[in-house]
Amino acid sequence: MQKILFVGAGSMAEALIHGWVEEEVVPAHHLYVTNRSNIERLVYLQNQYGVNILTNNEDIYQMDLIILAMKPKDVKIAIDSIKPYIAPETAVLSVVAGIAIETIEEGLGSRPIARVMPNTSAAIGMSASGIAFNYQVTNVQKALYLQMLEAIGIVIEVDEDKLHAITALSGSGPAYLYYLLEAWESVGTEFGLSKEVVRKLMVQTIAGSAAMLQSVKEEPDVLRRKVTSPGGTTEAGIRALESNHFNEAIYACIKSAEARSRELAKGE
Ligand SMILES: NC(=O)C1=CN([C@@H]2O[C@H](COP(=O)(O)OP(=O)(O)OC[C@H]3O[C@@H](n4cnc5c(N)ncnc54)[C@H](O)[C@@H]3O)[C@@H](O)[C@H]2O)C=CC1
Ligand SMILES: O=C(O)[C@@H]1CCC=N1
């Protein structure tokens, strides 16, 4: 694909551009960006990554792929603004949470459409992405999308309905881990450690635990038990998590996010 246009130039667009340019998956001169109004943001992306700024809507006609990367509430207006210029053979890939392929087909007509749910770790080649396709996406296009997403992390193909759960788990997932780190930093400083020291220790703890899960073929509960000495500190900590309804909190978190994705799909 020679010409790929990002409509929406926020955090997710930047994470993908950063990952693709850095990993040399897509040459920067193949990428174009546009947004609603913020020209400074487009100039920043141009200077930072070498992408092109879309200067004329007529050029939308030449695009091989359009990536929708705006907030769900802005999709309708964005689609209406693309519609007069999009060529019949242009493919669409959407990263917008909760917006169904059917909605995009209604807005932009029948064409190859893929929905991807990446996460912001795409910027450093560590995204965990889910992808779903409509039936017009060819095998060649599928292979290309999978290659583009594998270059910036891992990708799992699913039925579209499962993207709601993937959004709630790995799409939002980085935010949950950052939130957890914020809480650890807050309690760690109460014990007189500096925030920097707590961050250093706990970021390494997260990275080390993830690496253990990837390299040692053991279930998380087995690895957990190896840390938990009878009558020891971890046991005391886990008891406190249980009595403070840790599992209920995690279930409520993922279920609320999944339900919100379904609401967004209905335009709520
Ligand atoms: N940030 C994240 O971690 C993830 C975000 N997503 C999805 O990516 C999408 C974008 O999210 P962010 O990048 O975080 O948002 P953001 O707010 O950082 O960026 C949104 C961009 O869309 C542009 N925009 C708004 N209306 C437009 C219009 N009518 N025409 C053209 N451009 C328009 C804005 O100017 C801005 O550049 C959302 O739908 C979100 O669900 C998906 C996975 C992860
Ligand atoms: O919060 C959101 O709606 C988007 C989708 C996944 C991550 N950010």
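Residues numbered from 1 in each chain as written. Chains lettered and ligands numbered in written order. Predicted model: local features only at pLDDT ≥ 70, side-chain atom pairs only at ≥ 80, totals over all residues. Heavy atoms only, no water.

Labelled according to an unreviewed UniProt entry, the protein chain appears under the name Pyrroline-5-carboxylate reductase, originating from Ureibacillus xyleni. Of the comments in the UniProt record for the protein chain, the one headed Function (unreviewed entry) reads "Catalyzes the reduction of 1-pyrroline-5-carboxylate (PCA) to L-proline." Regarding the protein chain, the relevant UniProt record gives this comment under Sequence similarities (unreviewed entry): "Belongs to the pyrroline-5-carboxylate reductase family." (UniProt positions renumbered as here; feature names shortened; annotations may be inferred.)

Caption draft 1: A look at the nonpolar core. Within the largest apolar cluster, 35 residues are counted, with the highest numbers of intra-cluster contacts made by Phe6 and Tyr145. The element that contributes the greatest number of residues to this core is helix α1 (residues 11-22), accounting for six residues. When residues no more than four places from it in sequence are discounted, the contact partners of Tyr145 are Met1, Leu65, Ala91, Leu93, Ala114, Ile131, Phe133 and Val137. In this structure, Met70, Ala78, Ile82 and Ile101 belong to the second largest nonpolar core, which totals 21 residues. (Core = buried A, V, L, I, M, F, W, Y, C linked by side-chain atoms within 4.5 Å. Buried < 20%, exposed > 50% of the residue type's maximum accessible area, 1.4 Å probe, protein only. Helix = DSSP H or I, 4+ residues; strand = E, 2+ residues; numbered from the N terminus. Contact = heavy atoms within 4.5 Å.)

Caption draft 2: Just the site of ligand 2, in detail. Looking at ligand 2, the residues that line it are Ala97, Thr167, Gly171 and Ser172. Taken by itself ligand 2 offers 250 Å² of open surface, and the protein chains cover 48% of this. Class assignment for the residues of the shell around ligand 2 results in one nonpolar, three polar and no charged. (Near = heavy atom within 4 Å. Areas by Shrake-Rupley, 256 points an atom, 1.4 Å probe, with all protein chains shown as cover. Nonpolar A, V, L, I, M, F, W, Y, C, P; charged D, E, K, R; others polar.)

Caption draft 3: Spatial organisation of the UniProt feature "binding site: NADP(+)" (unreviewed entry) in the protein chain. Here, the residues flagged by UniProt with the feature "binding site: NADP(+)" (unreviewed entry) are Ala69, Met70, Lys71 and Pro72. Classification of Lys71 by relative accessible area gives exposed; the value is 57%. Ignoring anything within four residues of it in the chain, the contact list for Pro72 reads Val96, Ala97, Ile99 and Leu264.

Caption draft 4: Inspection of the sheet that holds strand β5 (residues 91-94) at higher detail. Overall, mixed pairing links the eight strands, which are arranged β3-β2-β1-β4-β5-β6-β7-β8 in an open sheet. The open sheet terminates on both sides in strands that have one partner only, identified here as β3 (52-53) and β8 (153-157). Strand direction decides the pairing type here: strand β7 (residues 127-133) and β8, joined by five bridges, are parallel. Bridging from a neighbouring strand, Ser129 pairs with Val155 of β8. (Pairing = 2+ DSSP bridges.)

Caption draft 5: Examining the pairing of strand β4 (residues 65-68) more closely. Side chains Leu65 and Ile67 project from β4 onto one buried face, and the interleaved Ile66 and Leu68 project onto a second face that is buried too. In terms of strand pairing, strand β1 (residues 4-7) meets β4 through four bridges, oriented parallel. Along β4, the bridge assignment pairs Val7 with Leu68. Direction of pairing for β4 relative to β5: parallel, over a ladder of four bridges. Looking at the pairing, Leu68 lines up with Ser94 of β5. In this fold, the crossover linking β4 to β5 by way of helix α3 (residues 75-82) has right-handed handedness. (Right-handed = clockwise from strand over helix to strand, strands pointing away.)

Caption draft 6: Summary view of the packing of helix α7 (residues 173-190) against helix α8 (residues 195-215). Interaxial distance between α7 and α8 falls to 9 Å at its minimum, and their mutual angle equals 135°. Judged by the inter-axis angle, α7 sits oblique to α8. Judged by the sense of rotation from one axis to the other, the crossing of α7 with α8 is right-handed. When α7 is examined against α8, the residues Leu181, Trp184, Glu185, Gly188 and Thr189 are found in contact with a partner set consisting of Lys195, Val198, Arg199, Met202, Val203 and Ile206. Residues of the contact of α7 with α8, tallied by class, amount to six nonpolar, two polar and three charged. (Axes fitted to C-alpha atoms, helices over the stretch in contact; angles between N-to-C directions. Parallel < 35°, antiparallel > 145°, perpendicular 65-115°, else oblique. Left-handed = near helix turned anticlockwise from the far one by under 90°.)

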